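As a plain string of letters, each chain reads:
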Amino acid sequence: MKILIIGGGNMGQSFAKSFINNFITDAGNFAVLEKDTGKFEALKKIGIKHIYQSPNEKIAEADLVVLAVKPQSFAALVGEIRNFISPDQVILSIMAGISIGQIKAQLGVEKIIRAMPNISAQIGEGMSVFTSSDAVTRIELVTVQNLLESTGKNLYVADEDLIDAGTAVSGSGPAYVLYFMEAIMQASIKLGFTKPQAEMLTYQTFKGIVEFYQNSPDDYRQLIDKISSKGGTTEAAIRFLDDNKTNELIQKAVLKAYERAKELGRYDSSK
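Notes on the structure follow.

1. Things to note about the overall build of the protein chain
For the protein chain, the count of helices and strands is 11 helices and 8 strands. With 271 residues in all, the protein chain has 40% of them scored as buried. Split by element, the accessible area of the protein chain, about 15600 Å² in all, is 56% carbon and sulfur. Distance between charge centroids for the protein chain: 3 Å, based on 29 positive and 31 negative side chains.

2. With respect to the nonpolar core
In this structure, Ile5 and Ile48 are the most contacted members of the largest nonpolar core, which totals 27 residues. Apart from the residues lying within four places of it in its own chain, the contact partners of Ile48 are Ala16, Ile20, Phe30, Val32 and Leu43. With 22 residues, the next largest nonpolar core counts Ile85, Met95, Ile98 and Leu107 among its residues.

3. Looking at the layout of surface pockets
As a volume, the second largest pocket reaches approximately 970 Å³. Every residue lining the second largest pocket is counted, 37 residues in all, and those nearest its centre are Met11, Ala68, Val69, Lys70 and Pro71. Of all the elements in the fold, those that place two or more residues in the lining of the second largest pocket are helix H1 (10–21), helix H3 (74–81), helix H6 (161–171) and helix H11 (246–265). Taken together, the residues of the lining of the second largest pocket sort by class into 18 nonpolar, 13 polar and 6 charged.

4. Thoughts on the packing of H6 against helix H7 (residues 173–190)
Following both chains from N to C, one finds H6 and H7 inclined at 30°, their axes separated by 5 Å at the closest point. Regarding the angle of H6 to H7, the classification is roughly parallel. Contact with H6, carried on its side by Ala168, Val169, Ser170 and Gly171, involves Gly173, Pro174 and Tyr176 of H7 and no other residues of that element.

5. Points about the packing of H6 against H11
H11 packs onto H6 with a crossing angle of 130° between their chain directions and a minimal axis gap of 8 Å. By the criterion of interaxial angle, the relationship of H6 to H11 is oblique. By crossing handedness, the relation of H6 to H11 is classed as right-handed. Taking contact as the criterion, the partners of Asp161, Asp164, Ala165, Thr167, Ala168 and Val169 in H6 are, on H11, Val254, Ala257, Tyr258, Ala261 and Lys262. Along the lines of polarity and charge, the residues of the contact of H6 with H11 split into 7 nonpolar, 1 polar and 3 charged.

6. Re the pairing of strand S5 (residues 90–93)
A two-sided burial pattern is seen for S5, the buried positions comprising Val90 and Leu92 on one face and Ile91 and Ser93 on the other. Here strand S4 (residues 64–67) pairs with S5 via 4 bridges, running parallel. The residue bridging Leu64 from the neighbouring strand is Val90, located in S5. Following the chain from S4 across H3 to the adjacent parallel S5, one finds a crossover that is right-handed. Of the pairings in the sheet, the one linking S5 to strand S6 (residues 112–116) comprises 3 bridges and is parallel in character. Bridged to Ile91 within S6 is Ile112. In terms of handedness, the path from S5 via helix H4 (residues 100–107) over to S6 forms a crossover that is right-handed.

Rules and cut-offs
Residues numbered from 1 in each chain as written. Predicted model: local features only at pLDDT ≥ 70, side-chain atom pairs only at ≥ 80, totals over all residues. Heavy atoms only, no water. Helix = DSSP H or I, 4+ residues; strand = E, 2+ residues; numbered from the N terminus. Buried < 20%, exposed > 50% of the residue type's maximum accessible area, 1.4 Å probe, protein only. Areas by Shrake-Rupley, 256 points an atom, 1.4 Å probe, with all protein chains shown as cover. Lys, Arg positive; Asp, Glu negative; His and termini not counted. Charge placed at Lys NZ, Arg CZ, Asp CG, Glu CD. Core = buried A, V, L, I, M, F, W, Y, C linked by side-chain atoms within 4.5 Å. Contact = heavy atoms within 4.5 Å. 1 Å grid on protein atoms, 1.4 Å probe; cavity = no way out; pocket = protein on both sides within 12 Å on 5 of 7 lines; lining within 4 Å. Points joined across faces, edges and corners; volume = space filled by probe spheres on them. Nonpolar A, V, L, I, M, F, W, Y, C, P; charged D, E, K, R; others polar. Axes fitted to C-alpha atoms, helices over the stretch in contact; angles between N-to-C directions. Parallel < 35°, antiparallel > 145°, perpendicular 65-115°, else oblique. Left-handed = near helix turned anticlockwise from the far one by under 90°. Pairing = 2+ DSSP bridges. Right-handed = clockwise from strand over helix to strand, strands pointing away.

Next comes the structure, spelled out in structure tokens:
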């Protein structure tokens, strides 16, 4: 399979690294289109031999074209690559908010798969939600699913709207977790721990409870209740969070991310 990734940023590099490390395709059948020459060195270290700075006829040689650019860049990209795209190619888009219908209309293609990975794909521990247009064959869909599995776990959804929902939950989710970890670390420092000590306390606490939860029959609330002794320290902290509607606030934050994903798709790509 010949693969071309358009966009050599963080996610483009993550996919390239995973595909090569998992022997999805050999280096000779892999290429990246990236305007920023400053990213070339990082791409070469991954093992990319074919790097193009501007669109050319090589695009048409790819069996799979991965759109790994920011959604705001899609409008400009369309004009640059449309004449090189073939109707037989499968397009895998990891752009937030840009719908299958928009890609179909702007690039004149039918075989489109939308996926939303997250940053953990860089270490093979990502979470991707994906869907496809009706024109994608079962073999093509399974092939792309295997590609996504090289970056971590994946979830197929029939409803395309769930891609935007996945963007808000698992796509942006790592930042929510880090936000909470940062707050705990800062509180640890205020309580007297050094920064390295606070980082170790915070990291191992999160790592440990995630693994514990994965091996427990209890749900989130049941485990919280087990950890929270009546009249104890944990109960005091959880009561404070509940009194300040922290749970509701986090849910609202996720919904804001979902709304933004929808907004990213509501632009005039003809401009």
